[in-house]
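Examination of the molecular architecture
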Amino acid sequence: MADPAAPAAAAAQGLARPAARPPARATRATLVDVAAAAGTSASTVSRVLHGGAGVTDELSERVRRAARELGYSVNRQARTLRRGKDTAIGVAVEDFTIPFFGRIVARVEQAAHERGYGVVITCAGSGRSEEEAVEPLLSRSVAGLVVATGTAGAPEGYLAALAEELPVVQVDAPAPSTYSDTVGIDNEAAGRLLTEHLLARGHRRVLFVGSGPAATTVQLRRRGYEAAMRQAGLEPRSTWLGYLPSETAERAVAVLRELTDPAGPSGPDGAITAVLSGVARVTMGLASAMARLGLRDLAYAAVDDLAGADAFSPPLTVLEQDVEAIGTRAAELLFARIDGDRRPPVHEQVPLRLIERGSGELPPRPAAAAAAPVAVPVAEGGAAAAS
């Protein structure tokens, strides 16, 4: 049995006991660990460590101190030294549950398999930012990245810093990039063309519906919608339904009940006659709400096609983007860079195709129809030629 007087005796003889060491970390520290230790957000940590602006000196020092104490490092040098042996690529997507992203991943994975590469996938869902989705990929020594998060808020210079270390291809980026290849569609044109299609059918009160302001692609589509409405001398009206499928249908019911009621606050001259869905994640919620409210005569059109859209009542009119072509091209661009292509970054857009199935061709509802149709400029070759 240990002598309880031993510690005191050791102290009396001037013998110092070694300080207890903190237990070794079982796993490598992550960006989220640093954020918790510094008392800030993961996006702020990423901004500091990647040289972004807008952070105070005091907070920057706190973040760097936490990173040092936790042993956090992106380990760029080691990743560079291993580059020749990398046998996987990373893919960061916004949401696994949305078919668009699943189709992108399927094409990238197919191209990777043909070249003997594996694919590591992360998701920016559940409130995670783009950099939080990408960060776990960096510890896997991937040969390149396909980033398809569609979200705003990544710190300035974040992907630019990564692109200096390994190839990066952005899917549906909001604008051409000076540091990485991008491939997608003209999102602003998508919103404008689909709005013009509805206006050409006599609609004057068209509601744009999106998921939320953090979705950069949806913001661009709304911008195109607003431009078309204002060019026709009409007032844009838009609303957000949220990002969770469990939220969108209930919110859509409340919105549509109020905005389609001729006896409601807007009156018969203010009730909407058409709805434009700017993103697939709210399209089903809107369709469910319209069915529950019996709004079979409300015109409805959406960006992005859905499986079973032709079974809607009436069948759904959509502006389709060739998702498979986007995924295939993103993979081709990435592997070209991995193989040594050093051309300046390219910005490629795939064409859009208008599929008229009936819902977007309905005339204005009789109870709220406009006195006269609006003259709308149509793209050369007609609305269908906008594809």
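What you are looking at is a predicted structure, and each value in this text was computed from that prediction instead of being measured. (Residues numbered from 1 in each chain as written. Predicted model: local features only at pLDDT ≥ 70, side-chain atom pairs only at ≥ 80, totals over all residues. Heavy atoms only, no water.)

**Describing the overall build of the protein**
- When helices and strands are tallied, the protein shows 13 helices and twelve strands.
- Here the protein, with 387 residues, has 49% of them falling under the buried criterion.
- As displayed, the protein has an accessible area near 18,200 Å², and 53% of this comes from carbon and sulfur atoms. (Helix = DSSP H or I, 4+ residues; strand = E, 2+ residues; numbered from the N terminus. Buried < 20%, exposed > 50% of the residue type's maximum accessible area, 1.4 Å probe, protein only. Areas by Shrake-Rupley, 256 points an atom, 1.4 Å probe, with all protein chains shown as cover.)

**Side note on the pairing of strand 3 (residues 145-148)**
- Burial along strand 3 is two-sided: L145 and V147 facing one way and V146 and A148 facing the other are all buried.
- Pairing geometry for strand 1 (residues 88-93) and strand 3, over four bridges, is parallel. Following the sheet pairing, V93 is matched in strand 3 by A148.
- Judged from the three bridges that link them, strand 3 and strand 4 (residues 168-171) form a sheet pairing that is parallel. Within strand 4, the position partnered with V146 by the bridge is V169. (Pairing = 2+ DSSP bridges.)

**Observations regarding the sheet that holds strand 11 (residues 347-349)**
- Within the open sheet, the six strands sit side by side as 2-1-3-4-5-11. Their pairing is parallel. The two strands at the open ends of the sheet, each matched to only one other strand, are strand 2 (118-123) and strand 11. Between one strand axis and the next, the sheet turns through 15 degrees on average, direction left out of account.
- The strands that helix 7 (residues 130-138) touches are strand 1, strand 2 and strand 3; relative to strand 2, the one it contacts most, it runs at about 150 degrees.
- Relative to the sheet, helix 13 (residues 323-338) contacts strand 1, strand 3, strand 4, strand 5 (181-184) and strand 11, its axis offset from that of strand 5 by approximately 170 degrees. (Axes fitted to C-alpha atoms, helices over the stretch in contact; angles between N-to-C directions. Contact = heavy atoms within 4.5 Å.)

**A word on the nonpolar core**
- Counting 75 residues, the largest nonpolar core has V171, V206, L256, V275 and L286 as its most contacted members.
- Not counting residues up to four positions away in its chain, the partners in contact with V171 are F100, I104, V146, V147, A148, V183, I326 and A330.
- Counting residues in each nonpolar core, the second largest holds 15 residues, with A124, L137, L138 and L145 among its members. (Core = buried A, V, L, I, M, F, W, Y, C linked by side-chain atoms within 4.5 Å.)

**Considering empty space enclosed by the protein**
- For the structure shown, the criterion picks out four cavities of 30 Å³ or more.
- A volume near 190 Å³ is recorded for the largest cavity.
- Around the largest cavity, the lining is made up of 19 residues, and of these E94, F100, F101, T217 and V279 lie nearest the centre.
- Residue assignment for the lining of the largest cavity shows that the elements contributing at least two residues are helix 6 (99-114), helix 10 (216-231) and helix 12 (280-293). (1 Å grid on protein atoms, 1.4 Å probe; cavity = no way out; pocket = protein on both sides within 12 Å on 5 of 7 lines; lining within 4 Å. Points joined across faces, edges and corners; volume = space filled by probe spheres on them.)

**Quick word on the packing of helix 2 (residues 31-38) against helix 4 (residues 57-70)**
- With their axes 9 Å apart at the nearest point, helix 2 and helix 4 run at an angle of 120 degrees to one another. With respect to helix 4, the axis of helix 2 lies oblique. For the crossing formed where helix 2 meets helix 4, the hand is right-handed. Contact with helix 2, carried on its side by D33, V34, A37 and A38, involves R62, V63, A66, A67 and L70 of helix 4 and no other residues of that element.
- Residue composition of the contact of helix 2 with helix 4, grouped by class: seven nonpolar, no polar and two charged. (Parallel < 35°, antiparallel > 145°, perpendicular 65-115°, else oblique. Left-handed = near helix turned anticlockwise from the far one by under 90°. Nonpolar A, V, L, I, M, F, W, Y, C, P; charged D, E, K, R; others polar.)

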